[in-house]
Number of protein chains: 2
Amino acid sequence: GHYIIIGQGSTVPSCVGELLSAISRGEADTKPIVVVFPDEAERKKVQLPEEIEVLVGDPTSEETLKRARVETASHVILALEDDSKAVFTTLMVKRLSKAKVLVEALREESVDLLKQAGADRVILSRSFAGRLLASSVFEPEAVDVVDDVTTSLGRYDISVILREDLWGKSYLEALRELRKSGYSLIGYYLNGPVLNPGLDEPIPHGAKLIVIKPSAS
Amino acid sequence: GHYIIIGQGSTVPSCVGELLSAISRGEADTKPIVVVFPDEAERKKVQLPEEIEVLVGDPTSEETLKRARVETASHVILALEDDSKAVFTTLMVKRLSKAKVLVEALREESVDLLKQAGADRVILSRSFAGRLLASSVFEPEAVDVVDDVTTSLGRYDISVILREDLWGKSYLEALRELRKSGYSLIGYYLNGPVLNPGLDEPIPHGAKLIVIKPSAS
Ligand SMILES: [Ca+2]
Ligand SMILES: [Ca+2]
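Numbers given for residues are sequential positions, taken from 1 along each chain in its written order. Here the convention is simple: chains get letters from A, ligands get numbers from 1, in the order in which they are written. For this predicted model, a pLDDT threshold of at least 70 governs which residues receive local features, and a threshold of 80 or more governs which side-chain atom pairs are given and counted, while totals over whole chains, interfaces and linings are taken from all residues. The basis for every side-chain value is the complete set of heavy atoms in the structure, and neither hydrogens nor water enter the calculation.

A. Structural detail: the overall build of chain A. Each helix corresponds to a stretch of at least 4 residues labelled H or I by DSSP, and each strand to a stretch of at least 2 residues labelled E; elements are numbered beginning at the N terminus. The helix and strand tally for chain A stands at eight helices and ten strands. Overall, chain A is about 55 × 40 × 35 Å in size when its C-alpha atoms are taken along their principal axes. Out of the 217 residues in chain A, the part that is buried amounts to 59%. Shrake-Rupley sampling with a 1.4 Å probe provides the accessible areas, and residues are treated as covered by the protein chains on show and by no other component. Counting every atom, chain A has about 9100 Å² of accessible surface; 50% of that belongs to carbon and sulfur. Averaging the coordinates of the 26 positive side-chain charges in chain A and doing the same for the 33 negative ones gives two points 3 Å apart. Only protein chains enter the area calculation, which uses a 1.4 Å probe; residues under 20% of their type maximum are buried, those over 50% are exposed, and those in between are partly exposed. Under the counting rule used here, the positive set is Lys and Arg, the negative set is Asp and Glu, and His together with the chain ends is not counted. The atom standing in for a charge is NZ when the residue is Lys, CZ when it is Arg, CG when it is Asp and CD when it is Glu.

If you want it as structure tokens, here you go:
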């Protein structure tokens, strides 16, 4: 399998950078990355590392997807700056392959359609920006925290780890134990995030732990 | 003072919605909101609540800013989908007013220029999307957490609160105390976020507390 990223604009290099950094940390599987730009102009706007395979082609055309070997891809990421093209391409990828499809959408109204088309994840970049800009007005400190934990910049990252040895222990015990290795426990994940468990409640079997850790960079 | 939001696309209604909701919760100061669209076409794409004053005009023109009464605004938010216009408008707002300027930028290269122009906060919406899309590949659970805590959707919100009674108490005491009112302590803020303090370390005087709380919605 390989990763395919189709799109344009600054989402593309950010995504490639974060994937490469996760691969180098051993957190994401080592696989080739193929980037598809819609045209030469968009390709020229973006600087990518040498090892990335770059194609140019209409993202809504089956021929382009086949050139990117979509049938064997594990993940296809779409950042097309056009939600109707994103719906179309999602449907086509899902027809040609078993890849997970992760999509950047611009409008909230598109989320349901994209999910219906088979998208496994939809990120609403501009709604997110709107909310963060508003929060900057009334709670700038919270925006600083979000800025830091959601990017590889700054001092902290949010992460999800598997620690089977802590299953059944109380939340407080797990918190103390993790702090020794520099992790701050903020909750656990079992069919969804649980961020306010009781301190004496045991960590359920099967749960992953949600932690804040010192930044990788 | 009042809030001015200048721009287009889904950033605008998200920002307005989040501001109105913060005002209704008493977290943001109650002030009028003025939205400026660059043209009638962009205005028609966006649905806003009745109480919002809407203007149409070139965001890079002084005349438009004066119609929005920029001199007396407390905050000006820019979501222009064009970083060079954002730099230009930031400079003009800073010349005409003492308002804080909060900017959505599309390209990482623009951040330094925007700060140089006087922007108080820059949100890189598309880089954020790129990173979140990459994280969806290798740690989807962490993306679920970020999705939830950064939006009014879901079950949790991140927030920053002032609790002078907890200054000088140990981090663990503060954590126990806050849990009684449904808050999960994840760190404190003093000239920046501190998310991994020792459990026996006292909460410094002057610090605000960073918590996760049940969602307002
Ligand atoms: Ca970070
Ligand atoms: Ca939430």
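B. Layout of the sheet that holds strand 3 (residues 53-56) of chain B. Residues and elements named next belong to chain B. Taken in spatial order, the six strands make up an open sheet running 3-2-1-4-5-6, and their pairing is parallel. Pairing within the sheet leaves two strands with one partner each, and these edge strands are strand 3 and strand 6 (121-124). Sheet twist, expressed as the average angle between the axes of neighbouring strands with direction ignored, equals 15 degrees. The criterion for strand pairing is that DSSP finds at least two bridges linking the strands in question. Where strand 5 (residues 100-105) and strand 6 come together, four bridges link them in parallel fashion. Opposite Ala105, over in strand 6, you have Leu124 as the bridge partner. Throughout, a contact is declared for two residues whenever any of their heavy atoms are within 4.5 Å. Interaxial angle, 0 to 180 degrees, is taken between N-to-C directions of lines fitted to C-alpha atoms, where a helix line uses only the stretch in contact. Lying over the sheet, helix 6 (residues 125-138) contacts strand 5 and strand 6, oriented at roughly 45 degrees with respect to strand 6.

C. Structural view of the pattern of salt bridges. By definition, a salt bridge exists where a carboxyl oxygen of Asp or Glu is found within 4 Å of a side-chain nitrogen of Lys or Arg. The full count for this structure, using the stated rule, is 34 salt bridges over all chains. For Glu81 of chain B, the salt bridge identified is with Arg126 of chain A, shortest N-O distance 2.2 Å. Of the two residues, Glu81 of chain B is situated in the loop between strand 4 (75-79) and helix 4 (83-96) and Arg126 of chain A in helix 6 (residues 125-138); the pairing between them involves two chains. In this structure, Lys208 of chain B engages Glu141 of chain A in a salt bridge whose closest nitrogen and oxygen atoms are separated by 2.7 Å. Separated into two different chains, Lys208 of chain B in strand 10 (residues 208-214) and Glu141 of chain A in helix 7 (residues 140-149) make up a pair that spans both. The class for Lys208 of chain B is partly exposed, based on a relative accessible area of 30%. The exposure class of Glu141 of chain A is buried, given its relative accessible area of 15%. If you follow the salt bridges from partner to partner, you end up with Arg25, Glu27 and Lys213 of chain A in one network.

D. Representation of unusual backbone geometry within the structure. Residues and elements named next belong to chain A. Unusually for a residue other than glycine, Arg69 sits at a positive phi of about 55 degrees. As for its placement among the helices and strands, Arg69 is situated in the loop between helix 3 (62-67) and strand 4 (75-79). With relative accessibility at 33%, the residue Arg69 sits in the partly exposed group. Of note, the phi angle at Asn191 is positive, near 55 degrees, even though the residue is not glycine. Its place among the elements puts Asn191 in the loop between strand 8 (184-189) and strand 9 (193-194).

E. Representation of the pairing of strand 2 (residues 33-37) of chain B within the structure. All names here are of chain B. Within strand 2, five of the five residues are buried, which leaves the element mostly enclosed by the surrounding structure. In strand 2, alternate side chains face the same way, and those of Ile33, Val35 and Phe37 on one face and Val34 and Val36 on the other are all buried. Bridging between strand 1 (residues 3-7) and strand 2 involves four bridges; their strand directions are parallel. The residue of strand 2 that forms the bridge with Tyr3 is Ile33. Crossover handedness is defined by viewing with both strands directed away from the observer: a clockwise path from the first strand over the helix to the second marks the crossover as right-handed. After leaving strand 1, the chain enters helix 1 (residues 11-24) and then returns to the sheet as strand 2, a path that is right-handed. Where strand 2 meets strand 3, four bridges bridge the pair, whose relative direction is parallel. Following the sheet pairing, Val36 is matched in strand 3 by Leu55. Handedness of the β-α-β unit built from strand 2, helix 2 (residues 40-45) and strand 3 comes out right-handed.

F. Spatial organisation of the interface of chain A and chain B. Contact with chain A, which involves 76 residues of that partner, is made by 77 residues of chain B. As used here, buried area is the combined drop in accessible area, with a 1.4 Å probe, of two parts when they are placed together. When the buried area of chain A at its contact with chain B is split by residue, Arg121, Arg126 and Leu133 of chain A rank highest and sum to 11% of it. Counting across the chain A and chain B interface gives ten salt bridges. We note a salt bridge from Glu104 of chain B to Arg126 of chain A, for which the minimum N-O separation is 2.7 Å. Between N or O atoms, a polar contact is any pair within 3.5 Å; within protein, one atom must be a potential hydrogen donor and the other a potential acceptor, and residues adjacent in sequence are included only when both atoms are from side chains. Inspection of the chain A/chain B interface yields 31 residue pairs in polar contact (both at pLDDT 80 or more). If you tally residues by element for the side of chain A that touches chain B, the top one is helix 6 of chain A, at 13 residues. For this classification, Asp, Glu, Lys and Arg are treated as charged, while Ala, Val, Leu, Ile, Met, Phe, Trp, Tyr, Cys and Pro are nonpolar and the rest, including Gly, are polar. A per-class count over the side of chain A that touches chain B returns 41 nonpolar, 17 polar and 18 charged.

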